Amino acid sequence: RLVCKLGYSHDVIYAVPQRFEGIVTLGMPSQTQVVVSGVDKAAVHDVAAQIRDLRRPEPYKGKGVRYAGEVIKLKAGKQK
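Here goes a summary of the coordinates provided.

About the thresholds
Residues numbered from 1 in each chain as written. Predicted model: local features only at pLDDT ≥ 70, side-chain atom pairs only at ≥ 80, totals over all residues. Heavy atoms only, no water. Helix = DSSP H or I, 4+ residues; strand = E, 2+ residues; numbered from the N terminus. Expected span 1.5 Å × (residues − 1). Buried < 20%, exposed > 50% of the residue type's maximum accessible area, 1.4 Å probe, protein only. Contact = heavy atoms within 4.5 Å. Phe/Tyr/Trp six-rings, centres within 6.5 Å; stacked < 30°, edge-to-face > 60°. Lys NZ or Arg CZ within 6 Å of the ring centre and 35° of its normal. Pairing = 2+ DSSP bridges. Salt bridge = Lys/Arg side-chain N within 4 Å of Asp/Glu carboxyl O. 1 Å grid on protein atoms, 1.4 Å probe; cavity = no way out; pocket = protein on both sides within 12 Å on 5 of 7 lines; lining within 4 Å. Points joined across faces, edges and corners; volume = space filled by probe spheres on them. Nonpolar A, V, L, I, M, F, W, Y, C, P; charged D, E, K, R; others polar.

Okay, helix H1 (residues 41–52) next. Taking 1.5 Å as the rise per residue, H1 with twelve residues should run 16 Å; its terminal C-alpha atoms sit 16 Å apart, in good agreement. Buried residues of H1: Ala-43, Val-44, Val-47, Ala-48, Ile-51 and Arg-52, and no others. Turning to H1, the residues buried within the fold contact strand E1 (2–4), strand E2 (12–14), strand E3 (24–30) and strand E4 (33–38).

Turning our eyes to something else, we now look at the packing of aromatic side chains. The tally for this structure, following the rule as stated, stands at zero aromatic pairs. Against the face of Tyr-8 rests Arg-55, its NZ or CZ located 4.9 Å from the ring centre.

The subject of this paragraph is the pairing of E3. Looking at chain direction, E3 and E4 are connected through five bridges and run antiparallel. Counterpart to Gly-27 in the pairing with E4 is Val-35.

In total, this model carries two salt bridges according to the counting rule given. Between Glu-70 and Arg-52 there is a salt bridge, and its shortest N-O distance comes to 2.6 Å. Remark: Arg-52 occurs in helix H1 and Glu-70 occurs in the segment after H1; sequence separation between them is 18 residues. Of the charged contacts in the structure, one is a salt bridge between Arg-56 and Asp-53, with a shortest N-O distance of 2.9 Å.

Counted as a void, the largest pocket has a volume near 700 Å³. Taken together, 21 residues form the lining of the largest pocket, with Thr-32, Gln-33, Val-34, Val-65 and Arg-66 sitting closest to its centre. Elements with a contribution of two residues or more to the lining of the largest pocket: E1, E4 and H1. A total of four residues in the lining of the largest pocket trace back to one element, the largest contributor, which is E4. Partitioning the lining of the largest pocket into residue classes produces 13 nonpolar, four polar and four charged.

In short, shape yes, function no, at least from these values alone.
Put into structure tokens, the structure is as follows:
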């Protein structure tokens, strides 16, 4: 189970799906990092994508869940 505070009015709880239990493990080296590891590369990718979908990075401020080393191309705001 992973409890995330993502800026919503409630905590978001992510539980690893039953089909991935025992294949994928979640680790937290710090409060802002989640490490997804396992033996099946496709399962690790699916779990990481599901966690990222809880709050995708938005294009104006770049806030949200993103992969390590990912660069978010920010859009310009309103022009006066």
